[in-house]
2 protein chains.
Amino acid sequence: MVYHKMKAEIIAVGTELLMGQIANTNAQFLSRELSEMGIDVHYHHVVGDNMQRVVELIQTVLKRCDLIITTGGLGPTMDDLTKDAIAQALNKEMVLDEESKTEIENFFSMIHKNMTINNMRQAYFPEGSIILKNPNGTAPGCIVESEGKAIVVLPGPPMEMQPMFYNHVLPYLSKKTGSFLRSKHIKIFGMGESSLETALMHLIDGQTNPTLATYATGGELLLRVTAKAESEKEALTLLEPVCDEISEILGSKIYSYTNESLAQVVINKLYEQKKHVSFAESCTGGMLTSMLIDIPGASNVINESFVTYSNEAKINRLNVDPATLEEHGAVSEQTAAEMAKGLREATGCDIAVSVTGIAGPEDAGDKKAGLVYISLYDGKKATTIKYQGRSNREYNRRFSSLNALNMVRLCLLGEQ
Amino acid sequence: MVYHKMKAEIIAVGTELLMGQIANTNAQFLSRELSEMGIDVHYHHVVGDNMQRVVELIQTVLKRCDLIITTGGLGPTMDDLTKDAIAQALNKEMVLDEESKTEIENFFSMIHKNMTINNMRQAYFPEGSIILKNPNGTAPGCIVESEGKAIVVLPGPPMEMQPMFYNHVLPYLSKKTGSFLRSKHIKIFGMGESSLETALMHLIDGQTNPTLATYATGGELLLRVTAKAESEKEALTLLEPVCDEISEILGSKIYSYTNESLAQVVINKLYEQKKHVSFAESCTGGMLTSMLIDIPGASNVINESFVTYSNEAKINRLNVDPATLEEHGAVSEQTAAEMAKGLREATGCDIAVSVTGIAGPEDAGDKKAGLVYISLYDGKKATTIKYQGRSNREYNRRFSSLNALNMVRLCLLGEQ
């Protein structure tokens, strides 16, 4: 099978983008999808609702790439000129598509609104177009082919554009590139992006199919493994041994094979084991508890938490010994451990976790911003970890919260 | 004064954008700012870290517009090539800026990290550049002028790019367009974007200078009032009467005239009045406390909070009467009021605030998702508000947290 490495450019049409009223998230979506298919995206462009500029841009771009995807400019108003501009750029006629005409008429009858003459513009396409149905709006898309190249024309609203991409464009491009794609999304905690890449270097460097890509978002790490084949079955067969090897290398650092959040995984595991967790939060200040309560169903696994920001709160709520605070300070292994033990006694929860640290951005005496202790006590064993974060308050609080959730996960796996 | 209508294009440099790892929000920010200044943006472009493509794009674009703004590609690695590409496109040399060199060295000495030789690349600029300092990172920006046209070169991270735009680029462009812009950022809570527009309709519709624009972000409402004049003084003179009128219309719905967050305003006011707040959170689950503790200095105004998610926690920590829970339910005015009173007794804080509600997305019996009660007790007076949110859990929790902060603000203003 000859694999043709396509070059693509993405063009968004719409003055609202040039006015900054919206961000061009369509380009991001399409880039991610195309890059996963092994199609190189060389440029994004945004152009306003101006016939001359759109025509010129399409002519320029078509000279240097194999595939153009446009978004926007398919509405019923005279401002919406993408299809006309493409026809003009390629020197094609606009022709009426009877099926689209009927569907637009049906849509208006369904929503009990009157159709204007302009709405019929949405049933005209450059001659020879492949029409892409739009069950989520009135603007069908289309694919216009010319001299072995393709222009894929999609509507602007993401709710219409994305399903059209998955339902029509992905199969079209799979056929064109001669490949079927299937991905696994593996979530990882407990290592940085660069250590992950080092650990999997032999898989990342050597292999072209499946390919591996890492993404770090807000402290959680995503590894995407993508196989390309001529059928879904063949793609899965390619994925399996690589995912098995990754699983063996990373072990319990992997918390999900289905792109769940860490909080969701922890809730699921607590629920399976019918256990309740509570948190005593100092520097995280409620963020940790909030991460769990973000997830519907959290009430099954958490009854309460304490935000004990001051020393007095640590003494009054968690029975921390004032002498411990005096001797070791609020940010210390000893205080963290006493907080967790006291929390479990006060609440009767199964797993008690405390967090105490210097959130930053300023250092506190000889303790640097980012110094954090997290302690977990499950009635049998106490574990306390220490790490040094950064001078960034938001980062420290978020990363500490994720770290605490991960300790709960490891405890539930029996790997505390 | 001749007002020159400038034509601009925005170029983002970075393969991560073409891979879809991030959205090009910088283009949106810059477009909004430029369009507000009366500068027309004709295109956005995104191009990867590829020298030839960046050079070609700059040469093409420079032919047809007066102003190019680039973002990204100013980092220390060999991939970061924006300045080199501009120098090449304009046939200029790269020269070392001694001041930037010193600042980069100081930055590394401050964060106690070793500098690599590559970091020095950030101190080189196309000859004749105006250097733009970057107090928020290591990459200075620059402005390169050529034949009456300007290329403004900004870093990619929005936290670095936006301040650099406001501090250096806005004044530069003001001078270039012959108009001086000055904005007031008024923050509002307690009304929706459309009610705000209705209340200020006569100011929004009629006026061209100052102009008014509203932005809603995460439940907080921003009104930007911008005056254009030939001097800063004249701009301020234009702003004053309009801002006074807005102030009279909106009254205490305005919480900041300087673009602060609601949490920041609440912290400042508590600190001024030497008061402490505590929260008893049910549906918000720690998010409310976390919003305050997000802000450095929170430890001056908050000692502790309770997340009382279960009924038992409400009884044990806040002394809520089990009969109240039985009779009215956990989500009721009565329970909210008892939670706030019990919280103040338990913690000795000055202002105690409780939140109880149905976070959603599911309804709970005859209580709809989004039903929330918030109660505030300051030892003298108890106030409880009720409102109906949506079926969106994230929205309900966030909006409830902001509403609770706003109650604290109003209480501190004596407007409870």
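Residues numbered from 1 in each chain as written. Chains lettered and ligands numbered in written order. Predicted model: local features only at pLDDT ≥ 70, side-chain atom pairs only at ≥ 80, totals over all residues. Heavy atoms only, no water.

A count of helical and extended segments in chain A gives 15 helices and 17 strands. Expected size for 416 residues packed as a compact globule is a radius of gyration near 22 Å; at 28 Å, chain A overshoots this value by more than 25%. Referenced to the eigenvectors of the C-alpha coordinate spread, the extents of chain A come out at roughly 85 × 50 × 40 Å. In chain A, which comprises 416 residues, the share counted as buried stands at 52%. On chain A, roughly 18000 Å² of surface is accessible, and the fraction owed to carbon and sulfur atoms is 49%. Computing the positive centroid from 39 side-chain charges and the negative centroid from 51, chain A places the two 2 Å apart. (Helix = DSSP H or I, 4+ residues; strand = E, 2+ residues; numbered from the N terminus. Rg over C-alpha atoms; globule rule 2.2 N^0.38 Å. Buried < 20%, exposed > 50% of the residue type's maximum accessible area, 1.4 Å probe, protein only. Areas by Shrake-Rupley, 256 points an atom, 1.4 Å probe, with all protein chains shown as cover. Lys, Arg positive; Asp, Glu negative; His and termini not counted. Charge placed at Lys NZ, Arg CZ, Asp CG, Glu CD.)

Read across the open sheet, the 10 strands follow the order 17(A)-16(A)-15(A)-13(A)-14(A)-14(B)-13(B)-15(B)-16(B)-17(B); overall the sheet is mixed. The open sheet is flanked by strand 17 (382–388) of chain A together with strand 17 (382–388) of chain B, the only strands paired with a single partner. The mean angle between the axes of side-by-side strands here comes to 15 degrees, regardless of whether they run parallel or antiparallel. Most of the contacts of helix 14 (residues 333–347) of chain B go to strand 15 (residues 351–357) of chain B, to which it runs at about 145 degrees, and overall it touches strand 13 (277–281), strand 14 (304–308), strand 15, strand 16 (371–377) and strand 17 of chain B. Packing of helix 15 (residues 393–412) of chain B onto the sheet brings it into contact with strand 13, strand 15, strand 16 and strand 17 of chain B, and relative to strand 16 of chain B it is tilted by some 25 degrees. (Pairing = 2+ DSSP bridges. Axes fitted to C-alpha atoms, helices over the stretch in contact; angles between N-to-C directions. Contact = heavy atoms within 4.5 Å.)

In this section: the interface of chain B and chain A. Each partner contributes to the interface: chain B provides 51 residues, whereas chain A provides 52 residues. The largest contributions to the chain B side of the interface with chain A come from B:Tyr43, B:Ile293 and B:Tyr309, which together make up 14% of the buried area. Across the contact surface, chain B and chain A share four salt bridges. Between A:Arg317 and B:Glu304 there is a salt bridge, with its nearest N and O atoms 2.6 Å apart. Here chain B is connected to chain A by 33 residue pairs in polar contact (both at pLDDT 80 or more). (Buried area = accessible area lost by both parts, 1.4 Å probe. Salt bridge = Lys/Arg side-chain N within 4 Å of Asp/Glu carboxyl O. Polar contact = N/O pair within 3.5 Å; in protein donor to acceptor, adjacent residues only side chain to side chain.)

Another aspect to go through is unusual backbone geometry. Residue and element names in this part refer to chain B. In this structure, Pro210 follows Asn209 across a cis peptide bond, with omega equal to 0 degrees. Tracing the chain through its elements places Pro210 in the loop between helix 8 (201–206) and strand 10 (211–217). Gly360 connects to Pro361 through a cis peptide bond whose omega is 10 degrees. Within the secondary structure layout, Pro361 lies in the loop between strand 15 and strand 16.

Our next topic: the packing of aromatic side chains. Residue and element names in this part refer to chain B. On inspection of all chains with the given rule, the structure shows 13 aromatic pairs over all chains. Summarising the aromatic geometry, the rings of Phe29 and Phe165 are spaced 5.7 Å apart at their centres and angled 85 degrees between planes, so their arrangement reads as edge-to-face. Of the two residues, Phe29 is situated in helix 2 (residues 25–36) and Phe165 in helix 6 (residues 158–177); the sequence distance between them amounts to 136 residues. A ring pair is formed by Tyr387 and Phe399, whose centres lie 5.5 Å apart and whose planes are at 90 degrees; its orientation type is edge-to-face. Of the two residues, Tyr387 is situated in strand 17 and Phe399 in helix 15; the sequence distance between them amounts to 12 residues. The class of Tyr387 is buried, set by a relative accessible area of 14%. By relative accessible area, which is 22% here, Phe399 ends up partly exposed. (Phe/Tyr/Trp six-rings, centres within 6.5 Å; stacked < 30°, edge-to-face > 60°.)

On to the environment of B:Gly360. Residues and elements named next belong to chain B. Its place among the elements puts Gly360 in the loop between strand 15 and strand 16. The class for Gly360 is buried, based on a relative accessible area of 10%. On a C-alpha basis, the gap between Gly360 and Asn396 in space is 7.8 Å, while along the polypeptide they are 36 residues apart. When near neighbours in sequence (up to four residues on either side) are disregarded, Gly360 contacts Ala369 and Arg393.

Mapped onto the secondary structure, A:Thr308 falls in strand 14 (residues 304–308). We classify A:Thr308 as buried; its relative accessible area is 0%. Here A:Thr308 is in contact with A:Glu281, A:Ser282, A:Ala313, A:Lys314, A:Arg317, A:Leu318, A:Met339, B:Asn303 and B:Glu304, once residues within four sequence places are set aside.

Take the domain arrangement of chain A next. Residue and element names in this part refer to chain A. The assigned domain composition of chain A is domain 1 (7–177), domain 2 (180–256) and domain 3 (263–412). On the side of domain 2, five residues touch domain 1, which itself brings five residues to the contact. Both faces combined, the contact of domain 1 with domain 2 buries some 460 Å², and carbon together with sulfur accounts for 47% of it. Ranking the residues of domain 1 by area buried against domain 2 places Glu36, Met37 and Ser174 at the top, with a combined share of 79%. Linking domain 1 to domain 2 there are zero salt bridges. Between domain 1 and domain 2 we count one residue pair in polar contact (both at pLDDT 80 or more) in total. (Domains from an automatic or database assignment.)

Each regular strand displays side chains that alternate between the two surfaces of the sheet. Residue and element names in this part refer to chain A. Here strand 16 (residues 371–377) lies mainly inside the structure; seven of its seven residues are buried. Covered by surrounding structure in strand 16 are Leu371, Tyr373, Ser375 and Tyr377 together with Val372, Ile374 and Leu376, the residues of both alternating faces. In the sheet, strand 15 (residues 351–357) pairs with strand 16 via six bridges, with the strands oriented antiparallel. Looking across to strand 16, one finds that Thr356 is bridged to Tyr373. Pairing of strand 16 with strand 17 involves seven bridges; the strand directions are antiparallel. Bridge pairing links Ile374 to Ile385 in strand 17. Counting the residues that bridge the hairpin from strand 16 to strand 17 gives four residues, and of these Gly379 lies at a positive phi of roughly 95 degrees.

Glancing now at the packing of helix 3 (residues 51–64) of chain A against helix 4 (residues 82–90) of chain A. Residue and element names in this part refer to chain A. Viewed as axis vectors pointing N to C, helix 3 and helix 4 meet at an angle of 55 degrees, and their least axial separation amounts to 9 Å. One way to sum up the angle between helix 3 and helix 4 is to call them oblique. Seen from above, helix 3 lies across helix 4 with right-handed handedness. Listed contacts from helix 4 to Met51, Val54, Val55, Ile58, Gln59 and Leu62 of helix 3 are Asp84, Ala85, Ile86, Gln88, Ala89 and Leu90. Grouping the constituent residues of the contact of helix 3 with helix 4 by class yields nine nonpolar, two polar and one charged. (Parallel < 35°, antiparallel > 145°, perpendicular 65-115°, else oblique. Left-handed = near helix turned anticlockwise from the far one by under 90°. Nonpolar A, V, L, I, M, F, W, Y, C, P; charged D, E, K, R; others polar.)

On to the sheet that holds strand 2 (residues 40–47) of chain B, then. Adjacent strands of a sheet form backbone hydrogen bonds with each other and so pair up, either parallel or antiparallel. Pairing within the open sheet is mixed, and its 12 strands lie in the order 6(A)-7(A)-8(A)-3(A)-1(A)-2(A)-2(B)-1(B)-3(B)-8(B)-7(B)-6(B). Of all the strands in the sheet, just strand 6 (130–132) of chain A together with strand 6 (130–132) of chain B have a single pairing partner and so form its edges. With direction set aside, neighbouring strand axes in the sheet form an average angle of 15 degrees. Strands strand 3 (67–71), strand 6, strand 7 (141–146) and strand 8 (149–154) of chain A of the sheet are contacted by helix 6 (residues 158–177) of chain A, whose axis makes an angle of about 170 degrees with strand 8 of chain A.

Another aspect to go through is the pattern of salt bridges. Two side chains carrying opposite charge are able to pair once their charged atoms lie near each other. Residue and element names in this part refer to chain A. Throughout the structure, instances matching the rule amount to 19 salt bridges over all chains. Residue Arg64 is joined to Glu9 by a salt bridge in which the shortest nitrogen-to-oxygen separation is 2.7 Å. Separated by 55 residues along the polypeptide, Arg64 in helix 3 and Glu9 in strand 1 (residues 7–13) bring together distant segments of the chain. Classification of Arg64 as partly exposed rests on a relative accessible area of 34%. Residues joined in a network through salt bridges with shared partners are Glu99, Glu103 and Lys133.

Turning our eyes to something else, we now look at helix 10 (residues 262–272) of chain A. All names here are of chain A. Those residues of helix 10 that sit buried are Leu262, Ala263, Val265, Val266, Ile267 and Leu270. The inward-facing, buried residues of helix 10 contact strand 11 (220–229), strand 12 (254–256), strand 13 (277–281), helix 11 (287–293), strand 15 and helix 15 (393–412). Lys274 sits one or two positions beyond helix 10 and adopts a positive phi of about 50 degrees.

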